[in-house]
Amino acid sequence: MITAEMVKNLREATGAGMMDCKKALSECNGDMDAAIDFLREKGIAKANKKESRIAAEGLASIFIDGNKAVILEVNSETDFVSKNEEFQGMIEEIGSAILSGTATTMEEALALSCNGGTVQDLIVSKTAKIGEKLSFRRFVVMEKSDDEVFGAYLHLGGRIAALSKLSNTSEDVAKDVSMQAAAMSPRYVFRTDVPEDEVAREKEVLKEQAMNEGKTEEIAAKMVDGRLHKFFKEICLAEQAFIKDGDVDVQTYVKNNGGEIKEVVRYEVGEGIEKKQEDFAQEVMNQVNGN
C-alpha cells in the first residue's frame, strides 16, 4: 500500500511532483530507492527533450573557502527562473561540491558527489522540476597562498561576476580590481595575454587608418605605436584607467597599495551564446503547446 507519508518522503528526496511520486512508488511496489531511480530516469527523459532549447539566461556566482575559490556560470532559458529559489539553491550546491572536490574539468565537476547523487543528477532533477533547460556552462577554480588575497564582486545580482587574485595587498584592493573587471569588460588582463595575430591585425588596421588620413607610410608606421598603446589601454585590465581614480591605471593602483595582480576571471551570463529571437505571443503559445 502506498501511503501519503511515502509520497511525501519521495517528494522531499527528489523534488518531483506528487502524482509523479505516487506513480513511481506504484510502479516500484513501494521500494523507495527504485522509485528514486525511476524518477531520475524520467527526469533524464524530460531533460533530453529540452536539449535543443537555448539557455542563455541564468546566474554567475563565486564561492570562497580559505585559500580556494570558484567562479561559475549556470544557465536557464529565462531570466524569471534565475530568480527561482530552487535554481539559486542548485547553484549553491554545485559551488559547494566544487569547493570540497578536486575537479578541474567539466566532466569531473559533473561527476562530483552532490546531495546524494552527482552534480549531473542534480541538474537533471532540477530540469525536470523547474521545467526549463538548465545548463552548467563553465567554472574556474582559483587557489592562493597565504600571502595572496581573493577579491570577489557580483554585479546585477549575478549577471556579471568577477574574481581576482592579488599578492601582498588587501581584500579591498582585490575587490576594487574585480569591480573594475566587471564594469569595464576587459578582454585580457595583461598586454602579454593578447595573441600575436590579434596585435598584428590591429597594427595593420591602425597603419591603414593613418595612411587614409594622408600620412606617408613611414609616418603612419610611427603613429601605430601611439595608437596601439591606446588599444591596449582599452582591452587590457592592467592598463585601463582605474574607475575610482582616472589619473592612474589599474596596475599602478595595485602597485601603489603594495600589491601585484596575479589572476582575474570575469563571467557575464550568456556571453557568446546566440539567443533565439521570438516574439512574446509566440513564446506564450510555445509554452501552452508544451514546446
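Residues numbered from 1 in each chain as written. Predicted model: local features only at pLDDT ≥ 70, side-chain atom pairs only at ≥ 80, totals over all residues. Heavy atoms only, no water.

Undergrad: So what about the packing of helix H9 (residues 196-212) against helix H10 (residues 217-235)? Which residues, and what values?
TA: Each pair of packed helices gets described by two things: the angle between the helix axes and the distance between those axes. Remark: H9 packs on H10, axes separated minimally by 8 Å, with the N-to-C direction vectors making an angle of 130 degrees. Taken together, H9 and H10 sit at an angle that is classed as oblique. At the point where H9 passes H10, the crossing takes the right-handed sense. Along its contact with H9, which presents Glu-198, Val-199, Glu-202, Lys-203, Leu-206, Lys-207, Gln-209, Ala-210 and Met-211, the element H10 presents Glu-217, Ala-220, Met-223, Val-224, Arg-227, Leu-228, Phe-231, Phe-232 and Ile-235. In the contact of H9 with H10, the residues fall into 11 nonpolar, 1 polar and 6 charged. (Axes fitted to C-alpha atoms, helices over the stretch in contact; angles between N-to-C directions. Helix = DSSP H or I, 4+ residues; strand = E, 2+ residues; numbered from the N terminus. Parallel < 35°, antiparallel > 145°, perpendicular 65-115°, else oblique. Left-handed = near helix turned anticlockwise from the far one by under 90°. Contact = heavy atoms within 4.5 Å. Nonpolar A, V, L, I, M, F, W, Y, C, P; charged D, E, K, R; others polar.)

Undergrad: How would you explain the nonpolar core if you had to name every residue and give the values?
TA: Within soluble globular proteins, side chains that are nonpolar generally end up buried alongside one another. Leu-72, Phe-87, Ile-94 and Phe-136 are the most contacted members of the largest nonpolar core, which has 24 residues in total. Those elements giving two or more residues to this core turn out to be strand E1 (57-65), strand E2 (68-76), helix H5 (85-100), helix H7 (119-130) and strand E5 (135-143). Among the elements that make up this core, the one with the highest residue count is H5 (7 residues). (Core = buried A, V, L, I, M, F, W, Y, C linked by side-chain atoms within 4.5 Å. Buried < 20%, exposed > 50% of the residue type's maximum accessible area, 1.4 Å probe, protein only.)

Undergrad: Help me get a handle on the sheet that holds E2, residues and values and all.
TA: Sheet strands associate in pairs through backbone hydrogen bonding, adopting either a parallel or an antiparallel arrangement. Strand order in the open sheet made by the 3 strands is E1-E2-E5, with antiparallel pairing throughout. At either end of the open sheet lies a strand with only one pairing partner, and these are E1 and E5. The average angle at which neighbouring strand axes cross in this sheet is 10 degrees, direction not considered. Bridge count for E1 against E2 is 9 bridges, and the pairing is antiparallel. Across the sheet, the residue bridging to Ala-60 is Glu-73, located in E2. (Pairing = 2+ DSSP bridges.)

Undergrad: Describe H5, naming the residues involved and giving the relevant values.
TA: Compared with the 22 Å implied by 1.5 Å per residue over 16 residues, the 22 Å span of H5 between its first and last C-alpha is a close match. Among the residues making up H5, those that are buried are Phe-87, Met-90, Ile-91, Ile-94, Gly-95, Ala-97, Ile-98 and Leu-99. Those residues of H5 that are buried lie in contact with E1, E2, helix H4 (79-82), strand E3 (113-114), H7 and E5. Near the N-terminus of H5, the side chain that reaches the backbone nitrogen of Glu-86, with its oxygen 2.5 Å away, is that of Asn-84. (Expected span 1.5 Å × (residues − 1). Polar contact = N/O pair within 3.5 Å; in protein donor to acceptor, adjacent residues only side chain to side chain.)

Undergrad: Break down the environment of Ser-100 for me, citing the residues and quoting the values.
TA: Looking at the secondary structure, you find Ser-100 in helix H5. The spacing of Ser-100 and Leu-112 is 12 residues in sequence and 9.4 Å in space, taken between C-alpha atoms. Among the polar contacts made by the side chain of Ser-100, one reaches the main-chain carbonyl oxygen of Ser-96 at a distance of 3.0 Å.

Undergrad: Before we move on, could you go through the sheet that holds strand E7 (residues 160-167) and cite the residues and values that matter?
TA: If you walk across this open sheet you meet the 3 strands as E6-E7-E10, and the pairing is antiparallel. Each of the sheet's edge strands pairs with one partner strand only, and the pair in question is strand E6 (148-155) and strand E10 (260-268). The average undirected angle you get between the axes of adjacent strands in this sheet is 10 degrees. Note: E7 against E10, 8 bridges, orientation antiparallel. Bridge pairing links Lys-165 to Glu-263 in E10. Along the sheet, helix H8 (residues 171-184) makes contact with E6, E7 and E10, crossing E6 at roughly 40 degrees.

Undergrad: Before we move on, could you go through the pairing of E2 and cite the residues and values that matter?
TA: Of all 9 residues making up E2, 9 are buried, and the element is well covered by its neighbours. Residues of E2 alternate between two faces, with Lys-68, Val-70, Leu-72, Val-74 and Ser-76 on one and Ala-69, Ile-71, Glu-73 and Asn-75 on the opposite face, all of them buried. Between E1 and E2, which pair antiparallel and follow one another directly, the connecting turn spans 2 residues, one of which, Gly-66, has a positive phi of 65 degrees. Relative to E5, E2 runs antiparallel, the two being bridged by 8 bridges. Within E5, the position partnered with Ile-71 by the bridge is Val-140.

Undergrad: Any chance you could break down the pattern of salt bridges for me, citing the residues and the numbers?
TA: One pass over the structure, following the stated rule, counts 16 salt bridges. Across the pair Arg-138 and Glu-271 runs a salt bridge, and its minimum N-O distance is 2.7 Å. In this pair, Arg-138 sits in strand E5 while Glu-271 sits in the loop between E10 and helix H12 (280-288), placing the two residues 133 residues apart along the sequence. Between Glu-217 and Lys-207 there is a salt bridge; the shortest N-O distance is 3.0 Å. Of the two residues, Glu-217 is situated in helix H10 and Lys-207 in helix H9; the sequence distance between them amounts to 10 residues. Residue class for Lys-207 comes out partly exposed when judged on its relative accessible area of 21%. (Salt bridge = Lys/Arg side-chain N within 4 Å of Asp/Glu carboxyl O.)

Undergrad: Report on H8, specifying residues and quantitative values.
TA: The first and last C-alpha atoms of H8 sit 20 Å apart over 14 residues, in line with the 20 Å expected at 1.5 Å per residue. Buried residues belonging to H8 abut E6, E7, strand E8 (241-242), helix H11 (250-256) and E10. Two residues or fewer past H8, Ser-185 is found with a positive phi of approximately 50 degrees.

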